[in-house]
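# Structural description and commentary
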Amino acid sequence: MIKIITKNPQETQKIGRILAQELLKSNLKNEQALVIGLEGDLGGGKTTFVQGVAQGLGIKEQITSPSFVLIKKYRIRFGVADESLRPNANFRSLFHIDCYRLNKPQELLELDFEEIIKNSKNLVVIEWAEKVKEILPKDTLILQFKFINENKRSIIMNNE
Ligand code: ADP
Ligand code: MG
């Protein structure tokens, strides 16, 4: 188990940024999309974390919570700043999914979720992943977010 405490939103973004950069560097040979499930408290820092992931992928657009549209797609272009990452960068799109307002997993399947998670060029980050557990790939990387106090959050990764 890995547990990280962050003391402000910037630190949480930094964790997301580092994870994205490590994934790019690791030269994964994934045959399907890489799926990261974010669980835990409202206000726990899940959307903040995704902002960091997007930064790490060189995405310049502003990342806001997709709780109403459910799914947002961002192209990964690898601009000048990310040139060094290019050789290993297999990912082409970031999908940011928020299941907060979802009543049942079926609603996500109706939005072509299965197609999205099939494509190895997709990095898929899902907020409120606990609500759609039964339709997530078995190898989904789960991160748990906890609200500790006003500015402290914990991020836990169980990598058994
Ligand atoms: P969630 O998506 O899990 O509901 P958000 O990322 O939308 O959470 O919101 C987290 C809120 O908490 C933001 O307003 C952010 O500024 C604030 N915050 C304060 N401290 C932290 C921290 N250490 N990490 C992340 N967010 C923090
Ligand atoms: Mg959120």
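In what follows, the structure referred to is the one given above.
The present account deals with the structure reproduced in this document. Fair warning: this is a prediction, and the values are worked out from it, not measured in the lab.

Conventions adopted
- Residues numbered from 1 in each chain as written.
- Chains lettered and ligands numbered in written order.
- Predicted model: local features only at pLDDT ≥ 70, side-chain atom pairs only at ≥ 80, totals over all residues.
- Heavy atoms only, no water.
- Donors = N, O, S within 2.8 Å, 3.2 Å for Na, K, Ca; no water.
- Helix = DSSP H or I, 4+ residues; strand = E, 2+ residues; numbered from the N terminus.
- Buried < 20%, exposed > 50% of the residue type's maximum accessible area, 1.4 Å probe, protein only.
- Core = buried A, V, L, I, M, F, W, Y, C linked by side-chain atoms within 4.5 Å.
- Contact = heavy atoms within 4.5 Å.
- Pairing = 2+ DSSP bridges.
- Axes fitted to C-alpha atoms, helices over the stretch in contact; angles between N-to-C directions.

Each angle at a metal carrying four tetrahedral donors should ideally be 109.5 degrees, and each at a metal carrying six octahedral donors should ideally be 90 or 180 degrees. Looking at the metal site, the magnesium ion (ligand 2) is ligated by T47 (OG1) and E127 (OE), spaced 2.1 Å from it. Here the residue T47 occupies a position in helix α2 (residues 46–56), and E127 occupies one in strand β5 (residues 122–127), the gap between them amounting to 80 residues. Both residues of the pair, T47 and E127, count as buried.

We now examine the nonpolar core. In terms of nonpolar packing, the biggest core is built from 25 residues, with L57, L94 and L123 touching the most fellow members. Contributions of two or more residues to this core are made by α1 (9–25), β2 (34–40), α2, β5 and β6 (141–147). In this structure L94 touches V53, A54, L57, I59, K72, K73, Y74, I76, L123 and V125, once residues within four positions along its chain are discounted.

Let us now look at the sheet that holds β2. Pairing is mixed in the open sheet, where 7 strands are placed in the order β1-β7-β6-β2-β5-β4-β3. Each of the sheet's edge strands pairs with one partner strand only, and the pair in question is β1 (2–6) and β3 (71–75). Looking at each pair of strands side by side, their axes are set apart by 20 degrees on average, direction ignored. Relative to strand β7 (residues 153–157), β1 runs antiparallel, the two sharing 5 bridges. Paired with I4 across the strands is I155, a residue of β7. Contacts between α1 and the sheet are confined to β1, β2, β5, β6 and β7, with β1 contributing the most and set at about 140 degrees to the helix. Its contacts with the sheet place α2 against β2, β4 (93–98), β5, β6 and β7, and it is angled at close to 165 degrees to β5.

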